[in-house]
Structures are given as C-alpha cells and as structure tokens.
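An overview of the molecular structure
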Amino acid sequence: LALAEVLTAGHHKADGSDVRVATDDGRVVASRLLGVGPGDQVRVVFALVKGQRKYAVYFGHPNPPAKAKGADDLPITSGLLLDMRVWPGGAVDRPDAMLAAWGRAKGTIGQTMIPTLFTGKCPFGDAFQWISKISGTIYTPLEGEFIFAVAAKDKGMLMIDGKMIVFCPHLVGDTRFNGKVVLTKGKHELTFYHVNAGGEGVLSVVWQKPDSSKFELIPRDALGGLYTAMPAALEENRKTLTADFKAEYMGEAFFAGHFSHRYRFTANLPKTQPPKYEWDLGDGQTAEGNIVEHVYLAEGIYPIKLTARIAANNDTQTTQFSVVRDVSAERPKVDDVAVQSKVVEAERLDKIPVQQLPWALLLHERAGRLDPMIATAARLASLKSGFDASLALSALSDANRAAEAGKRAPDMVKVWASIPADSSMQPAASRVYANLLVWRVGDFDQACKVLAAHDRSKDRPAERLYAHALVLNQKYAEGKKRLEALPMEGPADRQAAISGAEARTIEYYIQQGEGEAGEDQWDRWQRQYPTDFLEGYSVLLRVRLIEVRKQPDVAAKVAEAFALAVPRSSYAPTLLDRASKLLEMTNPAKSAELRKLLKEKYPEDPLSQEKKEGGK
C-alpha cells in the first residue's frame, strides 16, 4: 500500500466522493479515502500494482468512474490504519465494555496510516479525548509462542485473529500487562483498541518472539511496508498551464506559549518555459518567484493564490492551505526564532493581520532584534482595535523590557505615547505610559497630565502612581491627601516590621543588581503601606533601583524632586547629596547647583560639609 496526501486547489467534492487513484496508463486501482481537509487536502491510501511506480490521484470529474472492486474495504496488508473517534463516555474497565464503547462512538476525528504500534501524540491536532481502532496485518517470522505486552494511556486492548490477547487497564512503565499466544508463521489479523481520557495518548506494544528472551518493539517490516507517495505537479484537463505548488514545512518556533510556522513554497514548473509566478499567501503578504519562504504567525486555513504567466497564457489557482503543527513527525522540526524573525521583518508590516501583530512583536523580542521589534510595536500602538488588548499590552510590556536592556527605552516611551485615547488598550496603556514618564524619564508634569485624564476611581495602582507624580511635581499637599485616602493593605500593627523587611529585601536586590525584581518588591511595599512613600526611604531605594538600570540622570531627577517636595524628610539631605554625585560626570554645573542647595538648606548635616585637604 501507499499513502498519498495531495492539495487539490479546491477542485474536489466536499465529501471526497470523486477521488480516484489510477495507474499511469489509466487503470483504476483499489483505494480508500482516509480524510478530506483540513483545507484543500485529501488523504488516500491505495493498492500498488506490481511493476507500476507512477500513479495519478484524480478529482473534480463531474461523473467519476466507478471505484475498483473492493475499494470500500481495502485490506490493510501493510502499515496500520488508525481510525480515531470522539470518546462516547462510559466505563471501559473490561474488554467487552471497550468493544461496546467503540460501537457507540460516532463522531470521526480522523483516519490515517501509521507505521508502528508506538506513539505518544494525537496525529489530528488538538483532540483531547478519544477512542481509536488500529487495524492491520502482522507477519510472524516463525511458528511458536509469542508474548505481547501493552502500555497505554489510559487503556488499551490487543487482539490477534479476533482473539483478545492483552487488556491494559491503565498506563504502567513496564511489561506487566502481557499475554501469550501460539501463532503460525505468516500473516495474522491485528487489531488494537485505545481509549485516551485526556492528554497525548501514549501507547506501545512490544513482543517477545519464541527464539528470544527479551521484549522488543514490533519492527515496521513485521507490519508490512507502507510507502509514501510523492505528489508531482497538478494537471487540469484541457489546460497547457496549471498554477501549482508544493509546500515544505521548514520548522516551528515556540515563544511566549505560542507557535509560528515557516514554510517553503515551490511552484511546480511546467515542461515548457518557466512562467512568472505571483503569490498571495493568504495573510496579506504577497511575493514573486517560483520559490517563496514565508512565516505564518498563527495556525489556521489560509487561501494561497498562485498565478502563473507565460506571455498571454496564464492560470490562477487558489488553495485553502492548512497551517498547523506537524504533529505527524516523530521529531518536529524546530526553528530558531531569529530565523523566523528575519523572514517576518522582510515582509510588509502594514499587511500583517492586526490580530497577529502581538505575535510578530513577541517573535522579534524573543529573537533580540530591536529594530523590527520597535517598528512592530509602533504599528500595533497606532491601531485602535481588532486585536486582543490583553495580549497586545503584554507584548508591548515585554518589548519595553527588551528596549531598556538594549538602551532603546526612549523609543518605547514614544510608542506608548502614541497609543490613541480610544484604543482598546486604554486605560491600562495610559498607566504604563505614565509609569515610564515617572520612573524612566523623570517627566513628572506630563505624567500628572496623562493620569489626570485617566479614570482612576477603580484603579488603585493608577491612583497611587498619580499621587507619586504629584509629590514629585511639587504638589505635595494634593499627593499626600491622595496617598492617605488609599486603603492600607498590610496589617497596621505590623507596619514598621513589614516595611523594614520589604526595605531589606529591596536592598538585597540592589546589591545583586536585580533591578526588575527590586521594583516588583517596591511596588508591593507601596501597595501595602501607601503613606510610607512620604517618609523618603522608599524613594531613596527607588532612586538606587533606577541606578541599577543605569539611568543616573533619571535617578537624579527623582532624588532632587522628592527632596524639594518634602524638605522636612530626614532623607532629603541624602537624596540631594546622591543627586549631586550622580551628575558629577555628566552635568557638573547641575551637580554643583545641587551641592550648593544642600549646604544652604541643611548646613548642619554632615553631608553638606566640605572635605578638607587630606580628606579630613
């Protein structure tokens, strides 16, 4: 037998009843249609004829020839036929109950050919629960007593020549579920029933031959030789030119809990002169040439339209192409995210489907390629709707961290600033933007304006950030009032102890250079005890966290702003001193100005004293 999977460009009947297989000279051979779809794909297994190597799969005939005798019951003499159905429910703790469950199962999940009785996944994508029947012929190399052992999740049953040999009630990692049977040398009917109540559906059948003392996997040649037919070019009756292609799955990339898929499409060249090929890849992207590489950012059915032109002669075919993980492969092809990122970057950004833009952004971010990442972020930020707002915000936040690490933070600040007020990402986007303005830019006035237009009535983080911005923008009284109005989330009687513990944890993160973890801890502290911000030590720690991010100018702005807004804080002199030192190299004039201010306001503080010669 041979298995053929062919793309039909939509010319087949929906139920596949017009599919036939014939030899090169036109003789119809016995075949069985295994499945139609997803997309414009048909899957058929057919009987090989001795001496024949070339066959044709026909479809689209309004009155197809009669099927070959016995075609509807093609004997599975090589390979194994897997028939998977929707799990009907009910108990299957006995062999007769399993057979009864198979009889009740109606909804077909899929049919295909498999080479061995060993698998760990569903070949039909996302099916979760099923009951399946695997049937074929097993060839025993000698006569004698064979021992078969079964492992199956969740249950399995092996039958040979209609007799139950092994029933496996649950998955184990050994050969304890086994059965003995005396078989003659030659062919025997094999059937395996499998129930999977959830997950990937592991199954394995091994045998111990009469001349062996150990178990081994049943080899493929004992189950017959199953061939894979290699499709050639599509030909259409009475046409000299047919636009057709083959698809090669190049690899999957996994990032952020998501898969993207790279394909190589190659046009099947006619025997005449090479045509000019134009592609519409079904997701907004177009291309030219007989070989095209493309990344699909999400699974789905895409209408690939291929046009072939030779002078005045042209043809266009549209194929509904299924993009999905190649779960049939024993070892899926894995792509490097950087490879796929470069392919996506070369395509038109404005034509990427809006709902897929967050995945394009995350692909570039995971690849560490900042230029396409920021360009994609800007494109996503400019749109108002059509995408998953939560996913878009998460992707932009990841891009923000990558931009900061790559010293491109100002570019992402502009991205956040460009998000429209009526975007589906609002109001959350405004809070992120204001947070960047306060702690990454030091523009407290603009942060206040952004948050003032934000509905903060049910958004405590936004209200707390607004209060911080007000204080740093020299509006201490209003900021203090808002902080005092926020509820305390930590126990009041343990405030000093918990605040001290939070501070020590943040100090540890600063020592370790773990700025992001420290900022998360700082936010937790401020959420528990909002008014601690006014005392000053938490601000000093935040300044040091900004230093960890290597933004001394922003750290100096925050330190100076708080010291001026809360001059009576015991940490005001320390903050002015730190701000002065942070600017010594980059802005000496400003550093000297802050040093002078420190001396004027706090002349008795040790930090304001001039160092004398000799360091005394």
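Residues numbered from 1 in each chain as written. Predicted model: local features only at pLDDT ≥ 70, side-chain atom pairs only at ≥ 80, totals over all residues. Heavy atoms only, no water.

Before going further, it helps to spend a moment on helix α12 (residues 515–528). Between the first and last C-alpha of α12 there are 20 Å, a value that for 14 residues agrees with the 20 Å anticipated at 1.5 Å per step. Packing partners of the buried residues in α12 comprise α7 (428–441), α9 (460–472), α11 (495–512) and α13 (537–548). (Helix = DSSP H or I, 4+ residues; strand = E, 2+ residues; numbered from the N terminus. Expected span 1.5 Å × (residues − 1). Contact = heavy atoms within 4.5 Å.)

To continue, consider the nonpolar core. Leu396, Met412, Trp416, Met425, Trp439, Leu472 and Phe533 are the most contacted members of the largest nonpolar core, which totals 95 residues. Other than its neighbours up to four places away in sequence, Leu472 contacts Val438, Trp439, Phe444, Phe533, Val558, Ala561 and Phe562. Grouped together as the second largest cluster of nonpolar side chains are 31 residues, Leu80, Cys122, Ala152 and Phe177 included. (Core = buried A, V, L, I, M, F, W, Y, C linked by side-chain atoms within 4.5 Å. Buried < 20%, exposed > 50% of the residue type's maximum accessible area, 1.4 Å probe, protein only.)

Judged by pairing direction, the sheet is antiparallel, and its three strands sit side by side in the order β18-β19-β22 without closing on themselves. Since the sheet does not close on itself, it has two edges, and those belong to β18 (245–255) and β22 (291–296), each with one partner. For this sheet, the mean angle separating the axes of adjacent strands, direction not counted, is 15 degrees. Pairing analysis gives six bridges linking strand β19 (residues 258–267) to β22, with the strands arranged antiparallel. (Pairing = 2+ DSSP bridges. Axes fitted to C-alpha atoms, helices over the stretch in contact; angles between N-to-C directions.)

Of the pairings in the sheet, the one linking strand β1 (residues 2–7) to strand β17 (residues 227–228) comprises two bridges and is parallel in character. In the strand pairing of β17, Ala2 is matched with Tyr227. Two strands pair when backbone bridges link them, and β1 and strand β4 (residues 41–46) are joined in this way by six bridges, in the antiparallel orientation. Counted as the bridge partner of Ala2 is Phe46 from β4.

Quick look at the side chain of Ser499 now. Positionally, Ser499 belongs in helix α11. Residue Ser499 is classed as buried on the basis of its relative accessible area of 9%. Those residues within four positions of Ser499 in sequence are excluded, and the remaining contacts are Trp525, Tyr529 and Asp532.

Another point: the side chain of Arg20. Relative to the assigned elements, Arg20 resides in strand β2 (residues 20–23). For the buried Arg20, no salt bridge exists, and the shortest N-O distance to an oppositely charged side chain is 6.5 Å, to Asp18. In terms of polar contacts, Arg20 uses its side chain to reach the backbone carbonyl oxygen of Ser17, at 2.9 Å. Setting aside its immediate chain neighbours within four residues, Arg20 contacts Ala56, Val57, Tyr58, Pro64, Pro65, Ala66 and Lys67. (Lys, Arg positive; Asp, Glu negative; His and termini not counted. Salt bridge = Lys/Arg side-chain N within 4 Å of Asp/Glu carboxyl O. Polar contact = N/O pair within 3.5 Å; in protein donor to acceptor, adjacent residues only side chain to side chain.)

It is worth spelling out unusual backbone geometry at this point. Note the cis peptide between Lys153 and Asp154, where omega equals 10 degrees. Along the chain, Asp154 turns up in the loop between β10 (144–152) and β11 (155–160). With omega at 5 degrees, the peptide bond leading from Gln426 into Pro427 counts as cis. Of note, Pro427 is situated in the loop between α6 (409–417) and α7. With phi around 65 degrees, Arg238 is a residue other than glycine that occupies positive phi space. Residue placement: Arg238 occurs in the loop between β17 and β18.

Attention shifts here to the sheet that holds strand β14 (residues 186–196). Taking strand neighbours across the sheet as the criterion, the six strands line up as β7-β6-β9-β14-β11-β12 in an open arrangement whose pairing is antiparallel. Here the strands that pair on one side only, and so sit at the sheet edges, are β7 (108–114) and β12 (163–168). Averaged over all pairs of adjacent strands, the angle between strand axes in this sheet comes to 15 degrees, irrespective of strand direction. Examined bridge by bridge, strand β6 (residues 80–86) and strand β9 (residues 130–140) share seven bridges and lie antiparallel to one another. Paired with Leu82 across the strands is Ile134, a residue of β9. Set on the sheet, helix α1 (residues 95–104) makes contact with β6, β9, β11, β12 and β14; between it and β11 the angle comes to about 95 degrees.

In this section: the packing of α7 against helix α8 (residues 444–452). Viewed as axis vectors pointing N to C, α7 and α8 meet at an angle of 165 degrees, and their least axial separation amounts to 8 Å. Regarding the angle of α7 to α8, the classification is roughly antiparallel. Between α7 and α8 the crossing geometry is left-handed. Facing Ser430, Arg431, Tyr433, Ala434, Leu437 and Val438 of α7, the residues of α8 in contact are Phe444, Gln446, Ala447, Val450 and Leu451. (Parallel < 35°, antiparallel > 145°, perpendicular 65-115°, else oblique. Left-handed = near helix turned anticlockwise from the far one by under 90°.)

Another point: the environment of His11. Along the chain, the position of His11 falls in the loop between β1 and β2. Looking at His11, the relative accessible area reads 32%, which means it is partly exposed. When the C-alpha positions of His11 and Pro410 are compared, they lie 54 Å apart, and in sequence the two are 399 residues distant. Sequence-distant contacts of His11, defined by excluding residues within four places in its chain, comprise Asp18, Phe59, Gly60, Glu236 and Gln317.

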